[in-house]
Amino acid sequence: STLIVTTIIILLQLASIVSRGVAKATTLTSSSFVLVAPSASRHPLAPLFHNLSTENNRSFASSKRPFPNSNPKSSPSSAMSSTKNNPDSENQLSPSDILESPSAERNKAPIWDMVLKPVVLPIIQQSKSDENEQTAKLTVLELAAGSGVHTQHFVSSLLQENDHLRLEWHPSDPDPAARISIDARAKFSDLEDCILPANGWILGAQGGAACGDGNRDTDGKTSPSSSGDGSVDGVTADGIRQYPNYFDLILCINMIHIAPWEATLGLMECAGKVLKKGGMLVCYGPYKVGGTAVESNLKFDEALRSRNPSWGVRNLEEVIAIAKKEGLEMVQSVVMPANNLSVLFRKA
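Residues numbered from 1 in each chain as written. Predicted model: local features only at pLDDT ≥ 70, side-chain atom pairs only at ≥ 80, totals over all residues. Heavy atoms only, no water.

Each helix and strand in the chain was counted, giving 9 helices and 10 strands. Going through the 348 residues of the chain one by one, you find that 47% of them count as buried. Across the chain, contacts joining residues at least 24 apart in sequence account for 76% of those joining residues at least 6 apart. A total of about 17400 Å² of accessible surface is found on the chain, and carbon and sulfur atoms cover 55% of it. (Helix = DSSP H or I, 4+ residues; strand = E, 2+ residues; numbered from the N terminus. Buried < 20%, exposed > 50% of the residue type's maximum accessible area, 1.4 Å probe, protein only. Contact = heavy atoms within 4.5 Å. Areas by Shrake-Rupley, 256 points an atom, 1.4 Å probe, with all protein chains shown as cover.)

Structure (structure tokens):
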């Protein structure tokens, strides 16, 4: 009996040791995960890491950030406060929210190096020469911002050129997933001080108020919104009414040809209202000139119209004419790679 008791005691001791060892191993594994994940999320290049491990990315957040205009009756201006003042929103953003755009990755450098840095910014700087240097800031509205590749690159480039620049960047896209991606890029690139939360301001018919003034009919005339508040599909453009003559620069990259013509009408009306005097509008993409284009763009035009008859490569002369009606003068067009143009307008 003594042998049996002794054996039981030894087995109980062994079980205790094994239990403590497992608990310790579990604690170490958990601690290692907690230490690694947040350090990656704070790294300025965290967006580059988002596709390395889907499971690890999910550890950054339990759910995705709700897009700013989830309330159909709310104005986009309600989303203009920084996400840093909203811990719940910030905690919900994850690197896995970031969307990729190969085309934007290809053209971001040419647009900056060939257009924004050498041409557009000097013109804007000249028009702001009478402003107080200590209070002056650069205000930018980026329409159809997509996944935020351009947002991140242009803001980073501007700050590298002038680390004392007071920059206020308003990215906008009608797609909720795109807005979440933009906000995630801003967060994980540590650019939230300059990039405001993405808004859902939209242009054109059926999803489109032109600067919040009601939907456009296909004949180009504005008509009151059916809901009376300028909202379409749960997204309102009322917020942009707060910015008359406010922006120094509007960017619209690869939107005009992948949208109904009404969106271009809305774009030009919007620019005419919210740009400051001397402010610039940059429209990048493929165009026809004199009704024709290089063969690749003509084929691209056919492909677009086969997908959606309201899309298509636009005639540059028609775009310029619409801009002129809204007080925008074309000052230059820059030939870009891949048979694209950057068309520059200035508000008179």
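Turning next to helix α4 (residues 102-127). At Leu116, α4 shows its largest bend, some 50 degrees, and a proline, Pro118, comes one to four positions later. Along α4, the residues classified as buried are Ala104, Asn107, Pro110, Ile111, Trp112, Val115, Leu116, Val119, Val120, Leu121, Ile123 and Ile124. Check the buried side of α4 and you find it contacts β1 (138-143), α5 (149-161), β5 (247-253), β6 (275-285), β9 (328-336) and β10 (340-347). (Bend = angle between axes of the 7 residues up to and from the residue.)

The next point concerns the sheet that holds strand β2 (residues 167-171). Across the sheet, which stays open at both edges, the 6 strands sit in the order β2-β1-β5-β6-β10-β9 with mixed pairing between neighbours. Each having just a single partner strand, β2 and β9 make up the two edges of the open sheet. Across the sheet, the axes of successive neighbouring strands diverge by a mean angle of 15 degrees, strand direction being ignored. The pairing of β1 with β5 spans 4 bridges and is classified as parallel. When the bridges of β5 are listed, Leu143 appears paired with Cys252. (Pairing = 2+ DSSP bridges. Axes fitted to C-alpha atoms, helices over the stretch in contact; angles between N-to-C directions.)

By the element assignment, Tyr246 lies in the loop between β4 (235-236) and β5. Under the relative-accessibility criterion, Tyr246 is labelled partly exposed at 23%. A sequence separation of 108 residues divides Tyr246 from Leu138, and the C-alpha atoms of the two residues are 10.0 Å apart. Excluding residues within four positions of it along the chain, Tyr246 makes contact with Lys137, Thr139, Glu168, His170, Val274, Leu275 and Lys276. For Tyr246, the side chain forms a polar contact with the side chain of Glu168, separated by 2.5 Å. (Polar contact = N/O pair within 3.5 Å; in protein donor to acceptor, adjacent residues only side chain to side chain.)

Close reading of the predicted structure is inappropriate where its pLDDT is low. Overall, the predicted model of the chain reaches an average pLDDT of 73, with 61% of residues at or above 70. Low pLDDT, under 50, characterises residues 21-90; the stretch is placed with 96 contacts to residues that sit more than four places away or in other chains. (pLDDT = per-residue confidence, 0-100.)

Bringing the side chain of Asp173 into the picture now. Relative to the assigned elements, Asp173 resides in the loop between β2 and α6 (176-188). There is no salt bridge for the buried Asp173, and the closest opposite charge comes from Arg179, which lies 5.9 Å off by N-O distance. Residues in contact with Asp173, not counting those within four places in the same chain, are Ala144, Ala145, Gly146, Ala178, Arg179, Asn199 and Gly200. (Lys, Arg positive; Asp, Glu negative; His and termini not counted. Salt bridge = Lys/Arg side-chain N within 4 Å of Asp/Glu carboxyl O.)

Before going further, it helps to spend a moment on the packing of helix α7 (residues 261-274) against helix α9 (residues 316-325). Interaxial distance between α7 and α9 falls to 9 Å at its minimum, and their mutual angle equals 40 degrees. The angle between α7 and α9 falls in the class oblique. Handedness of the crossing formed by α7 with α9: right-handed. Between α7 and α9, the residues in contact are Trp261, Thr264, Leu265 and Met268 and Glu318, Val319, Ile322 and Ala323, respectively. Split by residue class, the contact of α7 with α9 holds 6 nonpolar, 1 polar and 1 charged. (Parallel < 35°, antiparallel > 145°, perpendicular 65-115°, else oblique. Left-handed = near helix turned anticlockwise from the far one by under 90°. Nonpolar A, V, L, I, M, F, W, Y, C, P; charged D, E, K, R; others polar.)

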